[in-house]
Protein chains: 2
Amino acid sequence: MSLERAGHTVTGVATVAAARTALSATDTIDLALVDWMLPGGSGLELVRSLRKEEQTRRLPIIMLTARAEEEDISAGLDAGADDYISKPFSPKELVSRINALLRRTRDQLAISDALQVGSLFLNPQSHRVYTNELEVPLGHTEFKLLRCFMMHPERVFSRDQLLDQVWGNDTYIGERTVDVHILRLRKSLKPAKVDKMLETVRGAGYRLRATTDDSSH
Amino acid sequence: MSLERAGHTVTGVATVAAARTALSATDTIDLALVDWMLPGGSGLELVRSLRKEEQTRRLPIIMLTARAEEEDISAGLDAGADDYISKPFSPKELVSRINALLRRTRDQLAISDALQVGSLFLNPQSHRVYTNELEVPLGHTEFKLLRCFMMHPERVFSRDQLLDQVWGNDTYIGERTVDVHILRLRKSLKPAKVDKMLETVRGAGYRLRATTDDSSH
DNA sequence: TGAGATTATGACAGCTCAGTGACAAGAGGT
DNA sequence: ACCTCTTGTCACTGAGCTGTCATAATCTCA
């Protein structure tokens, strides 16, 4: 309740398995609040495994622990948690720690490095896309679209998700518009012969293939 | 241990006096990590005095504080600390903040040197810009603008960022003003035929191309 | 194979964004 | 006081980007 009053959207899950499902199902989770003791596996294990997987490696994590003992804290931080809160804690403290962590990670994301998928290179700093020594000219929307795909190669994005990620989750734009921008992105990628990397997943959305090689026959 | 694992060499001292000794004895200290509470004087005092002496005026300082209260933070920053970390913090956070601060100060140190991008030369000392044996006359604003671009070639600066960097982050000036100064800078660069280096990145801002060669047709 | 659903493509009108010239206010020098 | 250079703002223009739609192409399943 405190978090929602602070403007956050909260999804609660009861088990480690449910947490994994929620995390892999959506891409809209900005931060995880993990209890030390959880049914179906310890929170520590969950944190450790989240840090191993590429998709959740940078996910900000705050651990909740009942005991504020030194060894617990360092174990949690070693496992990969970014911060911890020991019970009992005030709602105010929780909110301010979450906001602080979100602020920190937002800054870090801004310094993100160049992306590479196959022979495709995207540099967020210079706002440029290269492939095979050739610069790919892109409009702003196509750039963000490609960046979204390159941050999560091999992952299928639905049109809805792309609208959220690229256009922002408060815009009301027809889903078919995404098709057109995919088309334009493919056209721009065609001279470099990497347009086939953007695959259509019928009934689901689009996906960027991680490998450049063409295994389509 | 985390810092040494990250490639840093760490020297620990127990008192304010020992810190002063270490700092004046060697010239190899790149950054100071100062606790708020110290034996033999508060960390705040130490920071304040370090800022007074010429030898340590530019030393990057990070403060450690147990309480994340607003007043402490602003007091530390007012005293002259460049950043602060509130306990508890993760080793990862410590390392990344230290690296970030070192990166920042390294950039600043470069200000004293002459800058070169392609055939463009900018001398901060003499406040002059040369290219192809030709001096480029610039107003003060255009000079700072160009310096900003030359310190980070290939990087896209939004109008907002340029207003922060060139005008200062407390001025309230219309974003379109940046356009006009870009225009004037281009006009000044035109006689030397390097005006094409300043590229417009639609929807994002402006960028200085690192290479002089013109691949625009 | 054929109906139905889904996606690709070309065209287009609207709109956003950057380029540009003009202008007034201010700073600094004479 | 006058002049000159610099600087911030504005209005206008045009190029390029974007969202939408109609239609063609393609795929799926019965």
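Rules behind the numbers
- Residues numbered from 1 in each chain as written.
- Chains lettered and ligands numbered in written order.
- Predicted model: local features only at pLDDT ≥ 70, side-chain atom pairs only at ≥ 80, totals over all residues.
- Heavy atoms only, no water.
- Helix = DSSP H or I, 4+ residues; strand = E, 2+ residues; numbered from the N terminus.
- Contact = heavy atoms within 4.5 Å.
- Pairing = 2+ DSSP bridges.
- Axes fitted to C-alpha atoms, helices over the stretch in contact; angles between N-to-C directions.
- Near = heavy atom within 4 Å.
- Polar contact = N/O pair within 3.5 Å; in protein donor to acceptor, adjacent residues only side chain to side chain.
- Nonpolar A, V, L, I, M, F, W, Y, C, P; charged D, E, K, R; others polar.
- Phe/Tyr/Trp six-rings, centres within 6.5 Å; stacked < 30°, edge-to-face > 60°.
- Buried area = accessible area lost by both parts, 1.4 Å probe.
- Salt bridge = Lys/Arg side-chain N within 4 Å of Asp/Glu carboxyl O.
- Buried < 20%, exposed > 50% of the residue type's maximum accessible area, 1.4 Å probe, protein only.
- Expected span 1.5 Å × (residues − 1).
- pLDDT = per-residue confidence, 0-100.

**A look at the environment of S158(A)**
Residue and element names in this part refer to chain A.
- Position of S158 relative to the elements: it lies in the loop between strand 8 (156-157) and helix 7 (159-167).
- For the pair S158 and Y206, spaced 48 residues apart in sequence, the C-alpha to C-alpha distance is 6.6 Å.
- When near neighbours in sequence (up to four residues on either side) are disregarded, S158 contacts A204 and G205.

**A closer look at the sheet that holds strand 10 (residues 205-208) of chain A**
Residues and elements named next belong to chain A.
- Across the sheet, which stays open at both edges, the 3 strands sit in the order 8-10-9 with antiparallel pairing between neighbours. One side of each edge strand has no neighbouring strand; the edge strands of this open sheet are strand 8 and strand 9 (198-201).
- Direction of pairing for strand 9 relative to strand 10: antiparallel, over a ladder of 4 bridges. Considered in strand 10, the bridge of V201 is made with G205.
- Against the sheet, helix 8 (residues 176-189) engages strand 9 and strand 10, with an angle of about 150° to strand 9.

**So, the protein's contact with DNA strand D**
- Lining the immediate environment of DNA strand D, one finds 23 residues, of which T141(A), T177(A), H181(A), R184(A) and R184(B) sit closest.
- Those atoms of DNA strand D that come within 4 Å of the protein belong to sugar or phosphate at a rate of 60%.
- A distance of 3.0 Å separates a phosphate oxygen of DNA strand D from a polar atom in the backbone of G174(A).
- Elements with a minimum of two residues in the surface near DNA strand D: helix 6 (140-151) and helix 8 of chain A together with helix 6 (140-151) and helix 8 (176-189) of chain B.
- Taken together, the residues of the surface near DNA strand D sort by class into 6 nonpolar, 11 polar and 6 charged.

**Remarks on the protein's contact with DNA strand C**
- Near DNA strand C lie 22 residues; those nearest to it are L183(A), T200(A), Y206(A), T200(B) and Y206(B).
- Each atom of DNA strand C within 4 Å of the protein belongs either to a base or to sugar and phosphate, the latter forming 74%.
- Take R159(A): an N or O atom from its side chain is 3.5 Å from a sugar or linking oxygen of DNA strand C.
- In this structure, G203(B) approaches DNA strand C through a main-chain N or O atom, which is 3.1 Å from a phosphate oxygen.
- Secondary-structure elements contributing two or more residues to the surface near DNA strand C are helix 8 of chain A together with helix 8 of chain B.
- Residues belonging to the surface near DNA strand C are distributed by class as follows: 4 nonpolar, 4 polar and 14 charged.

**So, the packing of aromatic side chains**
- One pass over the structure, following the stated rule, counts 2 aromatic pairs over all chains.
- Here the aromatic rings of F149(A) and F157(A) are separated by 5.4 Å at their centres, their planes lie at 90°, and the arrangement is edge-to-face.

**A word on unusual backbone geometry**
Residues and elements named next belong to chain A.
- Residue E154 is not a glycine yet carries a positive backbone phi of 70°.
- Among the secondary structure elements, E154 is positioned in the loop between helix 6 and strand 8.
- One non-glycine residue, K193, lies in the positive phi region at around 60°.
- By the secondary structure assignment, K193 is in the loop between helix 8 and strand 9.

**Here we look at the interface of chain A and chain B**
- With 16 residues of chain A at the interface, the matching set in chain B holds 19 residues.
- Across the chain A to chain B interface the summed buried area is about 1300 Å²; carbon plus sulfur atoms make up 44%.
- The partner of E199(B) in a salt bridge is R128(A), with the nearest N and O atoms 2.7 Å apart.
- Linking chain A with chain B are 4 residue pairs in polar contact (both at pLDDT 80 or more), by the criterion used here.
- Taken together, the elements giving at least two residues each to the side of chain A that touches chain B come down to strand 3 (83-86), helix 5 (91-110) and strand 6 (128-131) of chain A.
- Among the residues forming the side of chain A that touches chain B, the class breakdown is 5 nonpolar, 5 polar and 6 charged.

**Concerning the pattern of salt bridges**
- For the structure shown, the criterion picks out 16 salt bridges over all chains.
- Ionic pairing is found between E199(B) and R207(B), a salt bridge with its closest N-O pair at 3.2 Å. For the pair shown, E199(B) and R207(B) are each scored as buried.
- Through salt bridges with shared partners, one network takes in R128(A), E135(A), E154(B), E199(B), R207(B) and R209(B).

**Digging into the environment of L138(B)**
Residues and elements named next belong to chain B.
- Secondary-structure assignment places L138 in the loop between strand 7 (134-136) and helix 6.
- According to the relative accessible area criterion, L138 is partly exposed, its value standing at 22%.
- Expressed as a C-alpha distance, the spacing of L138 and R128, which sit 10 residues apart in the sequence, is 8.1 Å.
- The residues contacting L138, other than those within four sequence positions of it, are V129, F143, L146, L185 and S188.

**Some remarks on helix 6 of chain B**
- Here helix 6 of chain B is 12 residues long and its end C-alpha atoms lie 16 Å apart, about the 16 Å a rise of 1.5 Å per residue gives.
- Listing the buried residues of helix 6 of chain B in full gives E142(B), F143(B), L145(B), L146(B), C148(B), F149(B) and M150(B).

**Details of helix 3 (residues 43-52) of chain A**
- Burial analysis of helix 3 of chain A places 7 of its 10 residues in the buried class, which makes it a mostly covered element.
- All of the buried residues in helix 3 of chain A are G43(A), L44(A), L46(A), V47(A), S49(A), L50(A) and R51(A).

**Let's talk about the confidence of the model for chain A**
- Residues with a pLDDT of 70 or more make up 82% of chain A, whose mean pLDDT is 81.
- In the model of chain A, helix 4 (residues 70-79) of chain A stands out as the element of lowest mean pLDDT, 67, in contrast to helix 8 of chain A, which has the highest, 96.

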